[in-house]
Amino acid sequence: MSDRLPPPAHVHPVRGEPTVDDARDAVAAARAHGADVVVAVGGGSVLDLGKAVAALLGNGTDPLDHLEIVGRGAPFTRPSVPFVAVPTTAGTGSEVTANAVLAAPEAGLKASLRGAGLLPRVALVDPLLTLGCPPAVTAASGLDALTQCLEPFVSALANPVTDGLSREGLRRAGRALRRAYTDGSDVEARTDMALCSLLGGMSLANAKLGAVHGFAGVIGGMIDIPHGAACAALLAPVVEANVRALRSRDAADPALDRFAEAARLLTGRPDATVEAGVAWLRETVSLLGVPGLDAYGLPAQRSDEIVAKAAGASSMKGNPLSRVW
């Protein structure tokens, strides 16, 4: 038996939402260290970069070989090195999804690496790790988690399995998000939100997302804004726009019943209407202090560009207007 100890772990910090160059730098550091396991401890940005590193390290390739839209979009042909996800926020559900989002600043958008190999080998979800999450991060990430339960629930690709996951996530977000923001030491609320994030990740992985994420991904590539804050700013207006368009197309569209049920789950009121649900969303965003897009410097004159780019976003595939139910 060798007396030599294994090499110490190399810690690679993540300063924000990862870019293509961040992935290259992290892969180079992992190769130089001789890493054979990748462990990511942090929020969704950290988990996404960890998944990208594990996949690229296992394949010996560059992010643009596989990145959709701005890269070649080639599939991964080799397994990722073992990857362990340890979330410290309740938001993206990245610990249970098979994609990693990277920003491509030169293209002005975000895109994903995708493949079954990106699914973490192990996900350690401990609500106690979120107790130190600051209020602003709790708000933005929590609203992202809520959105990732709502959009699969009203998705054109929803199914009975994702319905159950989404319903439970919405119910937990409705009773816990405001509490987790107000009192970060509330373990019950933190547990509910950790589960909401986990359930949202499983839901979106199987039923897709919708226009909130379709626009948020584009906007996040244009300006420096936390992903959850972008989703929060878009959430109520997109729901209103979807409902208005659905009603004008077919007042009996089943998606409208989904929006009404979501309103009941979020508000806890058995008589809640779609309008009451939208009001609850607006009130929650306000109570959690999440600013609008203009606060992050998004100029209104770029709206046409945003719409054009968002039309091709993969998230749009799940939007309820994408097909007739």
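As the structure is a computational prediction, the values presented were derived from the model and not from experiment.

**Brief notes about the overall build of the protein**
From N to C terminus, the protein includes 11 helices and five strands. Taken over the C-alpha trace, the protein has a radius of gyration of 19 Å; the compact-globule value for 325 residues is 20 Å, and the two agree within 12%. Residues classed as buried in the protein amount to 52% of the 325 residues present. Taking all contacts inside the protein whose residues are at least 6 apart in sequence as the whole, residues at least 24 apart take part in 74%. Accessible area for the protein stands at about 14,400 Å²; split by element, carbon and sulfur atoms hold 58% of it.

**Some remarks on the sheet that holds strand 2 (residues 83-87)**
Pairing is parallel in the open sheet, where three strands are placed in the order 1-2-5. Each having just a single partner strand, strand 1 (38-42) and strand 5 (122-123) make up the two edges of the open sheet. As defined by bridge partners, strand 2 adjoins strand 5 across two bridges and the pair is classed as parallel. Note that in strand 5 the partner of alanine 85 across the bridge is alanine 123. The sheet contacts of helix 2 (residues 44-59) involve strand 1 and strand 2, and relative to strand 1 the element is tilted by about 170°.

**Quick word on the layout of surface pockets**
Over the atoms rolls a probe the size of a water molecule, and in doing so it shows where empty space is left. Approximately 620 Å³ is the volume attributed to the second largest pocket. Lining the second largest pocket are 25 residues; nearest its centre among them are His10, His12, Val37, Val38 and Val39. Of all the elements in the fold, those that place two or more residues in the lining of the second largest pocket are helix 1 (20-33), strand 1 and helix 2. Split by residue class, the lining of the second largest pocket holds 19 nonpolar, five polar and one charged.

**Considerations on the nonpolar core**
Membership of the largest hydrophobic core comes to 56 residues, with the highest contact counts inside it found for Leu146, Leu170, Met193, Ile219, Val239, Leu281 and Val290. In terms of residue count, helix 8 (residues 227-249) provides more of this core than any other element does, 11 residues in total.

**Comments concerning helix 7 (residues 211-222)**
A turn of α-helix holds 3.6 residues, and therefore any two residues three or four places apart point the same way. Here helix 7 is 12 residues long and its end C-alpha atoms lie 17 Å apart, about the 16 Å a rise of 1.5 Å per residue gives. In terms of burial, helix 7 is largely enclosed, as 11 of its 12 residues are buried. What helix 7 keeps buried is the set Ala211, Val212, His213, Gly214, Ala216, Gly217, Val218, Ile219, Gly220, Gly221 and Met222. Those residues of helix 7 hidden inside the fold are in contact with strand 4 (109-114), helix 4 (135-154), helix 8 and helix 11 (303-310).

**Considering the packing of helix 4 against helix 9 (residues 254-267)**
Packing of helix 4 against helix 9 leaves a shortest axis separation of 9 Å and a crossing angle of 150°. When the axis of helix 4 is compared with that of helix 9, the two are roughly antiparallel. Our pair here, helix 4 against helix 9, has a crossing hand that is right-handed. Of the residues in helix 9, those touching helix 4 at Leu146, Leu150, Phe153 and Val154 are Arg258, Phe259, Glu261, Ala262 and Leu266.

**Quick word on the state of the cysteines**
Taken as a whole and assessed by the stated rule, the structure comprises zero disulfides. For cysteine 149, which is in no disulfide, the shortest distance to another cysteine sulfur is to cysteine 196 and amounts to 3.9 Å. Looking at cysteine 149, the relative accessible area reads 0%, which means it is buried. Here cysteine 231 stays free of any disulfide, with the sulfur of cysteine 149 as its closest cysteine sulfur at 12 Å.

**Section: the pattern of salt bridges**
For the coordinates displayed, the defined rule picks out 21 salt bridges. A salt bridge links glutamate 305 to arginine 302; its shortest N-O distance comes to 3.1 Å. According to the relative accessible area criterion, glutamate 305 is partly exposed, its value standing at 30%. The partner of lysine 309 in a salt bridge is glutamate 305, with the nearest N and O atoms 3.3 Å apart. With a gap of four residues between them, lysine 309 and glutamate 305 both fall in helix 11, about one helical turn apart. Because the salt bridges share partners, they merge into one network encompassing Glu168, Arg171, Arg172, Arg175 and Asp192.

**Focus: the packing of helix 4 against helix 7**
Where helix 4 meets helix 7, the axes come as close as 9 Å, and the angle between the chain directions of the two elements is 135°. In terms of orientation, helix 4 lies oblique with respect to helix 7. Of the residues in helix 7, those in contact with Asp144, Thr147, Gln148 and Glu151 of helix 4 are Ala211, Val212 and His213.

**A word on the packing of aromatic side chains**
Taken as a whole, this structure holds zero aromatic pairs when the rule is applied. Sitting above the plane of the phenylalanine 153 ring, arginine 258 keeps its charged end 4.8 Å from the centroid.

Cut-offs applied
Residues numbered from 1 in each chain as written. Predicted model: local features only at pLDDT ≥ 70, side-chain atom pairs only at ≥ 80, totals over all residues. Heavy atoms only, no water. Helix = DSSP H or I, 4+ residues; strand = E, 2+ residues; numbered from the N terminus. Rg over C-alpha atoms; globule rule 2.2 N^0.38 Å. Buried < 20%, exposed > 50% of the residue type's maximum accessible area, 1.4 Å probe, protein only. Contact = heavy atoms within 4.5 Å. Areas by Shrake-Rupley, 256 points an atom, 1.4 Å probe, with all protein chains shown as cover. Pairing = 2+ DSSP bridges. Axes fitted to C-alpha atoms, helices over the stretch in contact; angles between N-to-C directions. 1 Å grid on protein atoms, 1.4 Å probe; cavity = no way out; pocket = protein on both sides within 12 Å on 5 of 7 lines; lining within 4 Å. Points joined across faces, edges and corners; volume = space filled by probe spheres on them. Nonpolar A, V, L, I, M, F, W, Y, C, P; charged D, E, K, R; others polar. Core = buried A, V, L, I, M, F, W, Y, C linked by side-chain atoms within 4.5 Å. Expected span 1.5 Å × (residues − 1). Parallel < 35°, antiparallel > 145°, perpendicular 65-115°, else oblique. Left-handed = near helix turned anticlockwise from the far one by under 90°. Disulfide = S-S within 2.5 Å. Salt bridge = Lys/Arg side-chain N within 4 Å of Asp/Glu carboxyl O. Phe/Tyr/Trp six-rings, centres within 6.5 Å; stacked < 30°, edge-to-face > 60°. Lys NZ or Arg CZ within 6 Å of the ring centre and 35° of its normal.

In short, geometric facts, not functional conclusions.
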